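# An overview of the molecular structure
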Amino acid sequence: MKQKYQLETLTPIHIGSGETLNHIDGCYANGNWYHIDLDRVLTHPSTDINALTSEMSRRDFRWQRYFSQRNMNPADFAAYRLACLTSPETGEIREAIKTFGNQPYIPGSTFKGALRTALLSELIVEDEQLFQNGLAHLQNLTRQTARGNPRTETPAKKIEQEAFGKDPNHDILRALQVGDTETLASDALEIGTAWTITLNQNNQLVQKIESGREYKNYVQQIPAGQKLTFTIKIDELLFRRNEKSKLRFSDLQEEAIRDIAGVCRADAESLMQSEQGFFDYYDFPNIPDVYDELIGQNENLTKGEFILQIGWGTGYNANTVTSLFTDDDDAPDTDDSGDDDDDAAGFTDDDDAPDTLLMDLRERFRLGESRAQRGHYDEREFPKTRRILYQGRNPIAPLGWVKISSIEK
């Protein structure tokens, strides 16, 4: 079954190409950033190649000055231009993924990563044995000594294999095929400013600045309000009786795949509520109101609609299911007695309590380790950082929220 969907960006999205652009690549002028096509410059009759080469080798070279001195319009030498309210100055710009014709799009793999996280959450919540096995696995990891760099380990691999399948051939995600979106025009993007915000020593949520370095990124982003189409296909052949049995797909897995919209709505609600609570608690301006609106939209979706957070800057909570094992509120109810003590969530002593397990995992995998003092971990909220889009001094939106709606055939 192949279904066409429309994606609408609710907040700006950055899907990176892995490349960064700097002052050699572009020019800022009059509220726009121009990606300079060097071939156009070199073939211009007034260009002295040797002189240009010499100028470009200087650290203070700027295209804006070069064009201004020669009374040339940067728009005449640009591969494309993007709206940009703030000059990137000497900073680097994170490039968005595009086709060879400089047309931006969203790859199907970006969606599939977010869908995989939502499906994993659903399966862990609905399958008591999977939850208990995952919990035991994480507890066992905290008792083991790391070999080499623990940040290169993949602690979730075993949990994912049990949830989805033992190898790629038996992975339930084989049944879900997600296509790339259509492309946008080359000038459909804009350049935004994304700040890393963090808790300071006074437990206030502020823009991160260390030793004079500002932790902000200029990003090529798809603005809010853009609409693109793509397809999702469920491979029905894999759910026929014989194939399903050979691949060892469970009824729960099939149900989750077929109700992907409902699964994502539930996952988005949990994430939105958590993020809104974080910003609300620390009295951070504007962003709680944005999440209020997102939560309202999520609550009023129709059956074929769902909301996802995708792309760069979405953060730790959007890309992991750690909270299911380290937060009593998120853990599945595994005790029919209705008791709310630790035993009901599968914890039998203080060493296994959710807050202790989270700290053990952080120390085991060096999550949030102090840069100034190795082995020291802040006991306040984790994660304590987020990436937020700013306009001037004002925070305006979190990154990556999209609404997806099925299109009738």
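Everything below is about the structure shown above.
Overview of the structure. Please read all numbers here as calculations on a predicted model, not as lab measurements.

### Some words on the overall build of the protein chain
Within the protein chain, the regular secondary structure consists of 13 helices and 17 strands. If you line up the protein chain on its principal axes, its C-alpha atoms span 80 × 55 × 40 Å. With 409 residues in all, the protein chain has 46% of them scored as buried. Sequence separation of at least 24 residues holds for 77% of the intrachain contacts in the protein chain that already meet a minimum separation of 6. As displayed, the protein chain has an accessible area near 21700 Å², and 42% of this comes from carbon and sulfur atoms. Between the mean site of the 45 positive side-chain charges and the mean site of the 68 negative ones, the protein chain shows a separation of 10 Å.

### Thoughts on helix α4 (residues 108–126)
A turn of α-helix holds 3.6 residues, and therefore any two residues three or four places apart point the same way. The terminal C-alpha atoms of α4 lie 27 Å apart, and with 19 residues this matches the ideal 27 Å at 1.5 Å per residue to within 8%. Among all positions in α4, only Gly108, Thr110, Phe111, Ala114, Leu115, Thr117, Ala118, Leu119, Leu120, Ser121, Leu123 and Ile124 are buried.

### Some thoughts on the packing of α4 against helix α9 (residues 260–281)
Packing of α4 against α9 brings their axes to within 9 Å, and their N-to-C directions diverge by 85°. Considering their axes alone, α4 and α9 lie roughly perpendicular with respect to each other. Contact residues: Leu115, Ala118, Leu119, Ser121 and Glu122 in α4; Ile260, Val263, Cys264 and Asp267 in α9.

### Notes on the nonpolar core
Counting residues in hydrophobic clusters, the biggest one holds 67 residues, and the most contacted among them are Leu119, Ile124, Leu176, Leu308, Phe325 and Ile404. Of the residues forming this core, the biggest block, eight residues, is contributed by α4. Within the second largest apolar cluster, 23 residues are counted, among which are Ala268, Phe278, Phe279 and Tyr291.

### Examining the environment of Tyr5
Checked against the element boundaries, Tyr5 lands in strand β1 (residues 2–9). Between the alpha carbons of Tyr5 and Ser405 there is a distance of 5.4 Å; along the sequence they are 400 residues apart. Setting aside its immediate chain neighbours within four residues, Tyr5 contacts Leu228, Thr229, Phe230, Ile232, Gly304, Phe306, Ile404, Ser405, Ser406 and Ile407.

### Some remarks on the pairing of strand β5 (residues 78–84)
Two elements, strand β4 (residues 32–36) and β5, share five bridges in a ladder whose sense is antiparallel. Along β5, the bridge assignment pairs Ile36 with Ala78. One ladder, built from two bridges, connects β5 with strand β8 (residues 190–199); its direction is parallel. For Ala83, the partnering residue across the bridge sits in β8 and is Glu190.

Quick notes on the rules
Residues numbered from 1 in each chain as written. Predicted model: local features only at pLDDT ≥ 70, side-chain atom pairs only at ≥ 80, totals over all residues. Heavy atoms only, no water. Helix = DSSP H or I, 4+ residues; strand = E, 2+ residues; numbered from the N terminus. Buried < 20%, exposed > 50% of the residue type's maximum accessible area, 1.4 Å probe, protein only. Contact = heavy atoms within 4.5 Å. Areas by Shrake-Rupley, 256 points an atom, 1.4 Å probe, with all protein chains shown as cover. Lys, Arg positive; Asp, Glu negative; His and termini not counted. Charge placed at Lys NZ, Arg CZ, Asp CG, Glu CD. Expected span 1.5 Å × (residues − 1). Axes fitted to C-alpha atoms, helices over the stretch in contact; angles between N-to-C directions. Parallel < 35°, antiparallel > 145°, perpendicular 65-115°, else oblique. Core = buried A, V, L, I, M, F, W, Y, C linked by side-chain atoms within 4.5 Å. Pairing = 2+ DSSP bridges.

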